Number of protein chains: 10
Amino acid sequence: MDPIMTKAAVAEQVVTARLRAGLTWQEIADKVGTPLVWTTAALLGRHPMSAEQAAAACELLGLGDDVAEGLRLQPYRTRDDAVATDPTIYRFHEALSVYGPALKELIHEEFGDGIMSAINFTVDVSRRPDPDGDRVVVTFDGKFLDYRW
Amino acid sequence: MDPIMTKAAVAEQVVTARLRAGLTWQEIADKVGTPLVWTTAALLGRHPMSAEQAAAACELLGLGDDVAEGLRLQPYRTRDDAVATDPTIYRFHEALSVYGPALKELIHEEFGDGIMSAINFTVDVSRRPDPDGDRVVVTFDGKFLDYRW
Amino acid sequence: MDPIMTKAAVAEQVVTARLRAGLTWQEIADKVGTPLVWTTAALLGRHPMSAEQAAAACELLGLGDDVAEGLRLQPYRTRDDAVATDPTIYRFHEALSVYGPALKELIHEEFGDGIMSAINFTVDVSRRPDPDGDRVVVTFDGKFLDYRW
Amino acid sequence: MDPIMTKAAVAEQVVTARLRAGLTWQEIADKVGTPLVWTTAALLGRHPMSAEQAAAACELLGLGDDVAEGLRLQPYRTRDDAVATDPTIYRFHEALSVYGPALKELIHEEFGDGIMSAINFTVDVSRRPDPDGDRVVVTFDGKFLDYRW
Amino acid sequence: MDPIMTKAAVAEQVVTARLRAGLTWQEIADKVGTPLVWTTAALLGRHPMSAEQAAAACELLGLGDDVAEGLRLQPYRTRDDAVATDPTIYRFHEALSVYGPALKELIHEEFGDGIMSAINFTVDVSRRPDPDGDRVVVTFDGKFLDYRW
Amino acid sequence: MDPIMTKAAVAEQVVTARLRAGLTWQEIADKVGTPLVWTTAALLGRHPMSAEQAAAACELLGLGDDVAEGLRLQPYRTRDDAVATDPTIYRFHEALSVYGPALKELIHEEFGDGIMSAINFTVDVSRRPDPDGDRVVVTFDGKFLDYRW
Amino acid sequence: MDPIMTKAAVAEQVVTARLRAGLTWQEIADKVGTPLVWTTAALLGRHPMSAEQAAAACELLGLGDDVAEGLRLQPYRTRDDAVATDPTIYRFHEALSVYGPALKELIHEEFGDGIMSAINFTVDVSRRPDPDGDRVVVTFDGKFLDYRW
Amino acid sequence: MDPIMTKAAVAEQVVTARLRAGLTWQEIADKVGTPLVWTTAALLGRHPMSAEQAAAACELLGLGDDVAEGLRLQPYRTRDDAVATDPTIYRFHEALSVYGPALKELIHEEFGDGIMSAINFTVDVSRRPDPDGDRVVVTFDGKFLDYRW
Amino acid sequence: MDPIMTKAAVAEQVVTARLRAGLTWQEIADKVGTPLVWTTAALLGRHPMSAEQAAAACELLGLGDDVAEGLRLQPYRTRDDAVATDPTIYRFHEALSVYGPALKELIHEEFGDGIMSAINFTVDVSRRPDPDGDRVVVTFDGKFLDYRW
Amino acid sequence: MDPIMTKAAVAEQVVTARLRAGLTWQEIADKVGTPLVWTTAALLGRHPMSAEQAAAACELLGLGDDVAEGLRLQPYRTRDDAVATDPTIYRFHEALSVYGPALKELIHEEFGDGIMSAINFTVDVSRRPDPDGDRVVVTFDGKFLDYRW
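Values in this document were obtained by computation on a predicted structure and should not be read as measured data.

**Some remarks on the overall build of chain A**
Thought 1: Scanning chain A for helices and strands turns up six helices and two strands.
Thought 2: Helices and strands in chain A line up, N terminus first, as α-α-α-α-α-α-β-β.
Thought 3: Counting all 149 residues of chain A, 62% fall into the buried class.
Thought 4: In the form shown here, chain A has an accessible surface area of approximately 5400 Å², with 49% of it arising from carbon and sulfur atoms.
Thought 5: Separation between the mean location of the 15 positive side-chain charges and that of the 23 negative ones in chain A comes to 1 Å.

In structure tokens:
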């Protein structure tokens, strides 16, 4: 039996098809009807898509049912330490390394003992014009969860 | 010669004095006249303070000149892999692990080949009320730097 | 000679066949006549199956003798550090990181010097309804083994 | 200024005082009025105690205000890879290594895409008599959190 | 309160006292009335001793009640990767690296799916005379535990 | 030129052929005329076989000259850290972690400064009946080598 | 759909074609019209090329459109720890290990708190004749970025 | 006997004395009569100083003979992976990660098979004014060594 | 375009051809006209060969132009930590672990501050007869390089 | 009881005393009557000394009985990965990384399957004059041990 396409193979198909078709991630997100970052992450293999979402994406990208089947698969969201060294991604980890303890202090002061959820969570990226050079603005927005026995 | 107090020893003094005096990080930041996250990070050893900033913080906290001298010191901002496993901090790294490739795609699509600076950079944390449970909102705001030869 | 199918290839076949046939893990476990978690683990490659168990599973899933042969193979149960970073699995390891020393203290207080066996051992997962949100309940149940010379 | 006692130093004091006074963890938990595993974990440095909880524990154990101050401190709950190799604790990690993928499959099948919270979470340990040797039963009970954008 | 002496400090005292008194490990084991390897391991911090065992060892070695208290403490038996590189110890790990898969095959063939317990377990070391050079003979003897649901 | 079959490919052929032919490792060892553990290790790729030994094994297993050629190849005996986490093999490493320093003390006391050879070395595994459950007995037997300049 | 050629496959094609055609990196850079080190890095997969640059390189090298497509792809610039151990590359890392703290001190003294950008950055390599043996001269030239909130 | 001050303790003394005296590294280098980067590295513990150099530095910094003795000591120049994560230092390693293979190609093309020496080697750091922001220029200058049997 | 054969594939061809032809490494070295260890290392992929050397080796071994092309390729000489655990190779690393600091002291005492070059360097291996068992003698011979600014 | 001085503390005393007394390692070796490298290694903590050897060394160095007691102690010869990155020591490991597989091939060709002992083993370092720069010559000389069941 031909096994389900892996998330890595699915992402490779999506990346190829998107570039050849000259589509933006926003155009795909609009077609699928889901938020931009969520859609991009899902197409790269980090969220399962519903059958309708997968079909819409594949229709726009000109990809087949095998890709759609793979997009619906429940993923493993494992950490890839090599990916974390890509400079575009590394700067975020570095910022957390520098400011992580301060964020921890301020979250505990404001909310008490607990965490920002990474599951009940959204992330957004946008451009903020600035005369000294435009800025990348990334917002993490997660439900506070208190340690509750 | 008594060596300058290390950043770790300085932070221990600040944490102790703050708790015993019952001060919030915001009250210290107001006294020093600097942004909240920056001030917290600096007092925990991640930024050097000016002489005036250090003196203001130590006066409020009832700490001596040795602490003020240590606050002025240029820090090493080294990564601490153990700190990164604290659940409050880990959730941020996990979110980057899940969404990092999507952020990379979207930054390159919007800005071209480059990165969000972690140096010309601010971070802010706030509470957003929500009927399903208030939310932690953390904003990364860094200048876009394009790969430029 | 065609080598025996690896456990990874077997699991890929099982995952594919299960999804395409629309079967639940419970339905497969009922067919095989073995406990739910054990059956799932075995089909994913963590326990060897008897010839009868393997045949029953493959019949239900529409898989061939090569898969059945692979299911009977004695596995290596090696640790995969990447898998451990998947958020669904990571939370268990994090809980052990937070509560492990407390569990150790209480096991020694109640039983003396020794361990909970991970071999003479069962694990169960269930849903517990709760008005604040249903809960995942996972029970580890292992024979106590005392350090005995 | 004498720095606040570290969580490690606090735990060392608690362990020493408990053994010399011949108290069980249950007796301390009864005095503090909190669950057994939570109390043990808090006294070992993994949860902050309220002022009343810390005072009650220190009174029973004959420990001073410096220990009580340390018990109230917000902890870092960092992972300690050496502790994870202690056989009593290792067996739990090994069980997760063997059964983690099966738990993941079954949680997703029952609840959909999401995780068991390790924050809105309790853990319990008990003895179950068994003619073939009594058993250690550890129950993880955490709120299900679905990936929710 | 003076904390209980750590296992490392206890071992340092034992090693020092043994060498200065010119005692063999066998003489200490005879005094304590316990097997040779077990006794050596316990004095080096890997097993808790009973009050009588600890008292007997300390009497022979001329060590005080603080050491005896430390000997009774329940240990963490954590792995130390540096110790594993000492050549005398490394050769055992290397032998397992070379022969581990063969041992696994033969244990499963003889006993079925399971393990040799490292808890219900003894180890012995002896000298076997040989004209080509005497030999170190180390015997591991552990109860077989079958994977039993 | 078709390259020599790798040791991994050879072992895969041996494992497959042995299971399909229903042969025990002892039967193969008897045919080859070599000790049980040595033979198993050699067939799994950890020792080179002579041409006669390889031919005898391949004849019994019904394998071709390409496998025999691979069995004669001088191996790399590299460490595989993942294999070491298989529970059946891990227990041996754990026992060394617990008892290694004691073995080192006793070897030095009995023999002086040196090591047990892992090269001039045999290992044996056997079953010892025991009313409380049969036991796995593994014997390491290596020539003592003293540090000799 | 045939996926876009990976950067590794592209680099393998470039390396092969360059050697077979007997071209120098400088000749390729001249053809592409870009700086030497930048061009070499881009062809090895570390920078995306424009369509014109990729076409020029492929024309000179006799490579097809699939390679040109791969050259235009946005790369991951992940760290490869094995590559860093190649002696020609390792010496640079070693020099940074020896002189890194001195460079840090001098950058902070001259510029204040900040970094040399690795993005707004050029690197050059040249030969400097020397009677005691010619010298490799590598110049890093990056914009200073001050920590600026 | 009071042991020689470690290089770490010496560096701590130098850093403290330099800051309290308000001296620049250049002023110290001028006094010692050695190049700027070399002097800074030596005072931070990476090169041994001659008796005259150490005496001159200590005289200027107001430090005693114990520091001078430590400055003369032959150092271990070990790598410190934590230091390498400081952002000011990390950018250099990142640049090597991105451009290392290109530098290797170009060195081999220009010089043949060999390396840039990190021993017969100098490094310099300077400021280059630039209307878009001044630049940090770091030059590595090492003798080429060819692989020569 | 068929890519150049990798060094790993080239080495696999050489190893296969050498064994099937029954040639010694010395015979190949004699044919190529280069030193024994150098030749062996080059054929295993650690040095580039000249066109003449590669042709001579391939002629003797009966290998084609594709192998010869691969032999001429400039190699990456990356470290392989798994290879370093092979017992035959590990003993050298262990000896350096035991004697490294002593070698460092004696090199510095005899030569001053510097290193033995591993580039301007030869290594030789020979057998030295000894009535207690013949000995492996390996000589490292490298030019001394002093730290020279 | 004052614990025996650790090997690290002993080595620190030896290094200090040697430098202050202006003695060479050879002079100490002559006094002790043992080979140069062995003596240096032993004084740095890698071999136990006899009572006579320790007394002779301490008499020459002007060190007390506590140091002599420490010199007699059986050492742990653990690997220190940081020490291995010191350039003087690293070059040896690099050479093994480059030539290790060649040495393995040649040892097996000459001696059969086995290793060079690192226990029945000597190492020597000497200077070889050379008009192009004197050379460091290090000889490893160990008994061949064949894999012998």
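**Some remarks on the side chain of H:R91**
Thought 1: Tracing the backbone through its elements, the reader meets H:R91 in helix α6 (residues 87–111).
Thought 2: Overall, the relative accessible area of 1% leaves H:R91 in the buried class.
Thought 3: In this structure H:R91 touches A:R91, A:E94, B:I119, G:I115, G:M116 and G:A118, once residues within four positions along its chain are discounted.

**Quick look at the environment of D:E105**
Thought 1: With respect to the helices and strands, D:E105 occurs in helix α6 (residues 87–111).
Thought 2: Residues D:E105 and D:V136, spaced 31 residues apart in sequence, show a C-alpha to C-alpha distance of 25 Å.
Thought 3: Ignoring any residue separated from it by four or fewer positions in sequence, one finds D:E105 in contact with C:V15, C:R18, C:W25, C:T40 and C:L44.

**Some points on the UniProt feature "domain: Cyanate lyase C-terminal" (unreviewed entry) in chain A**
Thought 1: Summarizing the sequence annotation, UniProt attributes the feature "domain: Cyanate lyase C-terminal" (unreviewed entry) to residues 78–149 of chain A in the numbering used throughout.
Thought 2: Along residues 78–149 of chain A one finds 35% helix and 38% strand; the C-alpha atoms at either end are 28 Å apart.

**What to know about the pairing of strand β1 (residues 114–128) of chain I**
Residues and elements named next belong to chain I.
Thought 1: Along β1, 11 of the 15 residues are buried, which leaves the element largely enclosed by surrounding structure.
Thought 2: Pairing of β1 with strand β2 (residues 135–146), which is carried by 11 bridges, proceeds in the antiparallel orientation. Within β2, the residue paired with S126 across the bridge is V137.
Thought 3: Here β1 folds back onto β2 in antiparallel fashion, the turn holding six residues, of which G133 has a positive phi close to 120 degrees.

**Thoughts on the UniProt feature "active site" (unreviewed entry) in chain A**
Thought 1: What UniProt calls "active site" (unreviewed entry) maps, in this numbering, to A:R91, A:E94 and A:S117.
Thought 2: Every residue in contact with A:R91, bar those within four places of it in the chain, is listed here: B:I115, B:M116, B:A118, G:I119, H:R91 and H:E94.
Thought 3: With respect to the helices, strands and loops of the structure, A:E94 is situated in helix α6 (residues 87–111).

**What about the relation of the copies chain J and chain F?**
Thought 1: Screw-axis analysis of chain J against chain F gives a translation of 0.0 Å along the axis, an RMSD of 0.0 Å, and a rotation angle of 180 degrees. Such a combination of turn and shift is consistent with a two-fold rotation axis. Of the C-alpha atoms belonging to chain J, the one lying closest to the rotation axis is found on J:S117, 4.6 Å away.
Thought 2: Mapped onto chain F, 100% of the interface residues of chain J again fall at the interface, so both copies present the same surface.

**Regarding the nonpolar core**
Among soluble globular proteins, nonpolar side chains are generally buried collectively.
Thought 1: Ranked by internal contacts, the top residues of the largest apolar core, which has 188 residues, are E:F140, F:F140, I:F140 and J:F140.
Thought 2: If you look at the next biggest cluster of nonpolar residues, it comprises 92 residues, including B:A17, B:V98, B:I115 and G:Y147.

**Comments concerning the arrangement of the chains**
Thought 1: The two units chain A and chain F never meet; even their closest C-alpha atoms stay 18 Å apart.
Thought 2: At no point do chain A and chain I touch; the closest pair of C-alpha atoms across them sits 18 Å apart.

**Concerning the packing of α6(A) against helix α3 (residues 36–43) of chain B**
Thought 1: Packing of α6(A) against α3(B) brings their axes to within 8 Å, and their N-to-C directions diverge by 115 degrees. Taken as axis vectors, α6(A) and α3(B) run roughly perpendicular relative to one another. The handedness of the crossing between α6(A) and α3(B) is right-handed. Where α6(A) approaches α3(B), its residues A:Y99, A:A102, A:E105 and A:L106 are matched on the opposing element by B:L36, B:V37, B:T40 and B:A41.
Thought 2: A class-by-class count of the residues in the contact of α6(A) with α3(B) yields six nonpolar, one polar and one charged.

**Some remarks on the relation of the copies chain D and chain C**
Thought 1: Take chain D, turn it by 180 degrees, move it 0.0 Å along the axis, and it overlays chain C with an RMSD of 0.0 Å.
Thought 2: A share of 100% of interface residues in chain D that are also interface residues in chain C marks the association as one of identical surfaces.

**Remarks on the sheet that holds strand β1 (residues 114–128) of chain F**
Thought 1: Strand order in the open sheet formed by four strands is β1(E)-β2(E)-β2(F)-β1(F), and the pairing between neighbours is antiparallel. Edge positions in the sheet fall to β1 (114–128) of chain E together with β1 of chain F, since each of these pairs with one other strand and no more. Averaged over all pairs of adjacent strands, the angle between their axes in this sheet comes to 20 degrees, without regard to strand direction.

**Quick word on the interface of chain D and chain C**
Thought 1: Across the contact, 69 residues belong to chain D and 69 residues belong to chain C.
Thought 2: Approximately 6500 Å² of surface area, both sides summed, lies buried where chain D meets chain C, with 65% of it carried by carbon and sulfur atoms.
Thought 3: For chain D, the biggest contributors to the area lost against chain C are D:Y99, D:V136 and D:F140; these three give 10% of the whole.
Thought 4: Across the contact surface, chain D and chain C share 12 salt bridges.
Thought 5: Close ionic contact of D:D141 with C:R135 constitutes a salt bridge, the shortest N to O distance being 2.3 Å.
Thought 6: Taken together, the connections running from chain D to chain C amount to 33 residue pairs in polar contact (both at pLDDT 80 or more).
Thought 7: Taken together, the elements giving at least two residues each to the side of chain D that touches chain C come down to α1 (7–21), α2 (25–32), α3 (36–43), α6, β1 (114–128) and β2 (135–146) of chain D.
Thought 8: Among the residues forming the side of chain D that touches chain C, the class breakdown is 34 nonpolar, 17 polar and 18 charged.
Thought 9: Pairing of strand β2 (residues 135–146) of chain C with β2(D), which is carried by nine bridges, proceeds in the antiparallel orientation. Each residue of the ladder has a partner; that of C:V138, found in β2(D), is D:F140.

The rules we used
Residues numbered from 1 in each chain as written. Chains lettered and ligands numbered in written order. Predicted model: local features only at pLDDT ≥ 70, side-chain atom pairs only at ≥ 80, totals over all residues. Heavy atoms only, no water. Helix = DSSP H or I, 4+ residues; strand = E, 2+ residues; numbered from the N terminus. Buried < 20%, exposed > 50% of the residue type's maximum accessible area, 1.4 Å probe, protein only. Areas by Shrake-Rupley, 256 points an atom, 1.4 Å probe, with all protein chains shown as cover. Lys, Arg positive; Asp, Glu negative; His and termini not counted. Charge placed at Lys NZ, Arg CZ, Asp CG, Glu CD. Contact = heavy atoms within 4.5 Å. UniProt positions renumbered as here; feature names shortened; annotations may be inferred. Pairing = 2+ DSSP bridges. Least-squares fit on C-alpha atoms with pLDDT ≥ 70 in both. Core = buried A, V, L, I, M, F, W, Y, C linked by side-chain atoms within 4.5 Å. Axes fitted to C-alpha atoms, helices over the stretch in contact; angles between N-to-C directions. Parallel < 35°, antiparallel > 145°, perpendicular 65-115°, else oblique. Left-handed = near helix turned anticlockwise from the far one by under 90°. Nonpolar A, V, L, I, M, F, W, Y, C, P; charged D, E, K, R; others polar. Buried area = accessible area lost by both parts, 1.4 Å probe. Salt bridge = Lys/Arg side-chain N within 4 Å of Asp/Glu carboxyl O. Polar contact = N/O pair within 3.5 Å; in protein donor to acceptor, adjacent residues only side chain to side chain.

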